[in-house]
Amino acid sequence: MMTTIIQSDQYGNVYFNTMDFNVANFNLGDALLMKIGKKTIEIPFYSGPYCKMNDPILIRKKDKIFLSIRHGCAIKEYNLHVGQRVSFFLLSSKKYWEKENAYSFKEITDKSTYETDEEFANFRPILPNSVHFYRSSSPVDNAYNRASSAIFCVEKYKVSTIIDIADSQKELDNLINVLDDEMKSAICARKIFAIGDDSGLYSQKFSESVAIAMRLIISVKTPCLIHCRAGKRRSGFTCAIIQALYGMSADQIMEDYMLSYKNNNKITYSDNPKRYEYLKNNTIKEILYYINGTDLCHLRKTTEQYLVRIGLSSEEILLLEQKICQ
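The structure displayed is predicted, hence computed values, not measured ones. (Residues numbered from 1 in each chain as written. Predicted model: local features only at pLDDT ≥ 70, side-chain atom pairs only at ≥ 80, totals over all residues. Heavy atoms only, no water.)

To continue, consider the overall build of the protein chain. Within the protein chain one finds 14 helices and 13 strands. Relative to the compact-globule value of 20 Å for 326 residues, the protein chain shows a C-alpha radius of gyration of 21 Å, a close match. If you line up the protein chain on its principal axes, its C-alpha atoms span 60 × 50 × 40 Å. When burial is assessed residue by residue, the protein chain has 50% of its 326 residues classed as buried. In the protein chain, the share of contacts with a sequence separation of at least 24, taken over all contacts with a separation of at least 6, comes to 69%. Total accessible area on the protein chain stands at roughly 15800 Å², and carbon and sulfur atoms take up 49% of it. Here the protein chain carries 42 positive and 38 negative side-chain charges, and the mean point of each set is 4 Å from the other. (Helix = DSSP H or I, 4+ residues; strand = E, 2+ residues; numbered from the N terminus. Rg over C-alpha atoms; globule rule 2.2 N^0.38 Å. Buried < 20%, exposed > 50% of the residue type's maximum accessible area, 1.4 Å probe, protein only. Contact = heavy atoms within 4.5 Å. Areas by Shrake-Rupley, 256 points an atom, 1.4 Å probe, with all protein chains shown as cover. Lys, Arg positive; Asp, Glu negative; His and termini not counted. Charge placed at Lys NZ, Arg CZ, Asp CG, Glu CD.)

Here we take up helix 6 (residues 169–177). Three or more residues of helix 6 are buried, namely Leu172, Leu175 and Ile176. Axial view of helix 6: buried residues confined to an arc of 95 degrees, hence all on one face. Relative to its buried face, helix 6 has exposed residues pointing more than 90 degrees away, namely Lys170 and Asn177. If you follow the buried residues of helix 6, they end up packed against strand 11 (161–164), helix 7 (181–188) and strand 12 (191–194). (Arc of directions from axis to C-beta.)

Time to look at the packing of aromatic side chains. Overall, the coordinates contain 21 aromatic pairs when judged by the stated rule. Centroid distance tyrosine 103 to tyrosine 278: 6.5 Å. Interplanar angle 85 degrees. Geometry classified as edge-to-face. With tyrosine 103 in helix 3 (residues 97–103) and tyrosine 278 in helix 11 (residues 273–282), the pair connects residues that are 175 residues apart, well separated along the chain. Both residues of the pair, tyrosine 103 and tyrosine 278, count as buried. Taken together, a centroid distance of 5.8 Å and an interplanar angle of 85 degrees make the contact between phenylalanine 105 and tyrosine 261 edge-to-face. With phenylalanine 105 in the loop between helix 3 and helix 4 (117–120) and tyrosine 261 in helix 10 (residues 250–265), this residue pair connects regions lying 156 residues apart in the sequence. Accessibility expressed as a relative area gives 2% for tyrosine 261, which makes it buried. (Phe/Tyr/Trp six-rings, centres within 6.5 Å; stacked < 30°, edge-to-face > 60°.)

This part takes up the pairing of strand 8 (residues 85–92). Pairing of strand 1 (residues 2–5) with strand 8 involves 4 bridges; the strand directions are antiparallel. By the bridge assignment, isoleucine 5 is partnered in strand 8 with arginine 85. Across 5 bridges, the pairing between strand 4 (residues 31–36) and strand 8 is antiparallel. Its bridge partner being in strand 8, alanine 31 is matched across the sheet by serine 92. (Pairing = 2+ DSSP bridges.)

It is worth spelling out unusual backbone geometry at this point. Geometrically, the link from threonine 222 to proline 223 is a cis peptide bond, its omega value of 5 degrees lying close to zero. Within the element layout of this structure, proline 223 appears in the loop between helix 8 (204–219) and strand 13 (224–227). One non-glycine residue, asparagine 129, lies in positive phi territory at about 55 degrees. With respect to the helices and strands, the residue asparagine 129 is situated in the loop between strand 9 (124–125) and strand 10 (133–136).

Below, the discussion takes up the pattern of salt bridges. Taken as a whole and assessed by the stated rule, the structure comprises 13 salt bridges. Measuring nitrogen to oxygen at the nearest pair gives 3.3 Å for the salt bridge that ties glutamate 107 to lysine 232. Of this pair, glutamate 107 sits in the loop between helix 3 and helix 4 while lysine 232 sits in the loop between strand 13 and helix 9 (233–246), placing them 125 residues apart in sequence. Its relative accessible area of 7% is what places lysine 232 among the buried residues. Overlapping salt bridges, with partners in common, bring together Glu107, Arg146 and Lys232 in one network. (Salt bridge = Lys/Arg side-chain N within 4 Å of Asp/Glu carboxyl O.)

With that settled, consider helix 10. For helix 10, built from 16 residues, the straight-helix expectation of 22 Å at 1.5 Å per residue is met to within 8% by its first-to-last C-alpha distance of 23 Å. Residues Ala250, Ile253, Met254, Asp256, Tyr257, Met258, Ser260, Tyr261, Asn263, Asn264 and Asn265 constitute the buried set of helix 10. Trailing helix 10 by a residue or two, lysine 266 shows a phi angle of about 60 degrees, which is positive. (Expected span 1.5 Å × (residues − 1).)

Following this line, the structure appears as structure tokens:
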């Protein structure tokens, strides 16, 4: 058992001192039992934010251990206050180690290690041999140092429309304002729709963003680019719908999705088959199961059914398929 004190940063995030966890010999991937008053909660201990919406996790960041609940306030959720004592017990050693080990990578920000801007920006066609729909990392958010390469590709492939599923309009405006004049001019020459939401892939809010994206695709001018932050999860979910309606198989969709791990993180099957398969099953395969159910042999039909569930009409789905298959 270990007892520590709740602290809070300037943003209201709850954290604990890393030294207390080191002394207790808690390790990444462990399952801990967190006791607050009479309430006890099982909580995973990770090095990254791998939680679903409102699920609690402990995240190690340098000298702090953050108590995170995605899109929620831990202080309000658990009725906490700064200075309060919280106890932790080791529930199961390495229970979550496979996930921690698979996801313990960094986004690569050094362009010199890539042969092309396309690879570095995670930029590629969504459909085979298509010149109408592309996906990439963000051309406006330079968090991974990829914005200039993404903008280069936007200009090279004459992208007319950008669908940003990472940012709200306010966030987009703020990101554009800090770009240099040349990059800002290139971005503002395109029609941009900011429909982003970060509530989690399986939330109602994200479903609403997906429905907006599908309706935009019906009407916007192509070539069209779809992006989130790294061009991986939210983009991958949206692109999987487009690819299924086009007629791509589940294996083809998963293979394309995993190119984002190759481009962003240099993770390939040949280098580490176990990690590759875990990431594939935990990301794109889970996405396909969510959209299509466990039968991945009739993707077009089950994707159409998913679109009906999130509010598209039969006429809209027909127009969407005609636009995708143009």
